[in-house]
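# Geometric and topological summary
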Amino acid sequence: MENELKLKLEQLHKRVDNLKDQIQTEEATKNAFIMPFIQILGYDVFNPTEVIPEFICDIGTKKGEKVDYVIMKDNDPVLIIECKHWKTNTDAHNSQLHRYYHVSNAKFGVLTNGLIYNFYTDLEKPNIMDEKPFFTLDLSNLKDTNISILNNFTKKSFNLENILDSAEALKYIEAIRKEFEKELQNPSDEIIKVLVSRFFDRPFTASRLVSFREYTKKAFANSINDSINLRLKNALNINETIPSKEIEHVAPIDQNAEVEKIITTEEEIEGFQIVKAILREDLPADRIAFRDTQSYFGILLDDNNRKPLCRLHFNSSTKYIELFHNGKENGERKILDSLEDIYNYKNELLQTIKNYQ
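On a predicted model such as this, the values are computed, not experimentally measured, just so you know. (Residues numbered from 1 in each chain as written. Predicted model: local features only at pLDDT ≥ 70, side-chain atom pairs only at ≥ 80, totals over all residues. Heavy atoms only, no water.)

Another aspect to go through is unusual backbone geometry. Although it is not a glycine, Asp74 adopts a positive phi angle of roughly 55 degrees. For Asp74, the location among the structural elements is in the loop between strand S2 (66-73) and strand S3 (76-83). According to the relative accessible area criterion, Asp74 is exposed, its value standing at 65%. Phi is positive for Asn127, which is not a glycine, with a value near 70 degrees. With respect to the helices and strands, Asn127 occurs in the loop between strand S5 (116-120) and strand S6 (135-138). (Helix = DSSP H or I, 4+ residues; strand = E, 2+ residues; numbered from the N terminus. Buried < 20%, exposed > 50% of the residue type's maximum accessible area, 1.4 Å probe, protein only.)

Here it is as structure tokens:
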């Protein structure tokens, strides 16, 4: 069930990417992006007893206030959805949803622009929607854990008690994660002192604090990247050791600086897996290797820098694949609108293998 849900969401994301520049209004966003999302959850958007558009929520003296959609289950409202144009920041418009939530009797509210879906409930005060969402789904970054959470909102699997049981944990785990990420980027005085005081028993001066801040940032970066590299090696069983003959002429480098600058992303690994799947037609898996650099993510034949199969350039807003099928030292770059576009260059990738034979 979750695999099917993920596949449908990936297809929706591709649709959103392809169409969004042509979508000029909030109403068009609802029709093109949000109604398909509701359908993916298993609700019939053409059944007015199940999905009610423009649901009237009278608020005090204000009559005729409308919420974009209310989803019903067993004749009870379970989810209200407030929609915005796809270019609108979903963090900036929850006051209107906040008012609707209070009078709708639904336990969950969603604020969305068709790309990002923020889910709210009333963990802080009963019947008053929280200021921050307990769960956010980003179509451009679909993680398995998020798919599992979203599955609880599908018509087939909806269970109010299960969602409420996990909502508090989800909310505070996400809050802690964001604070942790802030500390990784810019360690606070408090966290530096907590850590350093465990092994440094001299007074903290202003200059010492500046030095230890840099040491802490490097320690965090080293630890995280070591962990990532270990997991990748275990998962892919790839030996990334550079042969000594290839490093004889490499100048000495600052290892700490290199570790900070090179971060292998999930997107790069997903791209590698797609290339690997294509090349497996002609190559065993153990001959397909990768090396990440500051400039690009290189995929190599036999872990040999002189035999590039392709390079992924994912470090900017415009993504490219660099191909070497023409046998030239300099590759040919092709723009990728999504990772799925890599499959369009199957013939070129397979030709590159033949060039090395």
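What follows covers the sheet that holds S2. Across the sheet, which stays open at both edges, the six strands sit in the order S1-S2-S3-S4-S5-S6 with mixed pairing between neighbours. The open sheet terminates on both sides in strands that have one partner only, identified here as strand S1 (51-56) and S6. Direction aside, neighbouring strands of the sheet carry axes that sit 25 degrees apart on average. Lying over the sheet, helix H2 (residues 26-40) contacts S1, S2, S3, strand S4 (108-112), S5 and S6, oriented at roughly 15 degrees with respect to S2. Across the face of the sheet, helix H4 (residues 144-151) comes into contact with S5 and S6 while running at roughly 115 degrees to S6. (Pairing = 2+ DSSP bridges. Axes fitted to C-alpha atoms, helices over the stretch in contact; angles between N-to-C directions. Contact = heavy atoms within 4.5 Å.)

This paragraph deals with the pairing of strand S8 (residues 297-301). Burial runs high along S8: five of the five residues are buried. The two faces of S8 match: Phe297, Ile299 and Leu301 on one face and Gly298 and Leu300 on the other face are all buried. For strand S7 (residues 288-292) and S8, the ladder comprises five bridges, and the chain directions are antiparallel. Residue Asp292 lies in a different strand from S8, and its bridge partner there is Phe297. Connecting S7 to the antiparallel partner S8 that follows it, the hairpin turn spans four residues. Two strands pair when backbone bridges link them, and S8 and strand S9 (residues 308-313) are joined in this way by four bridges, in the antiparallel orientation. Residue pairing in the sheet places Ile299 in a bridge with Cys310 of S9.

Function cannot be inferred from these measures alone, as they are strictly geometric.
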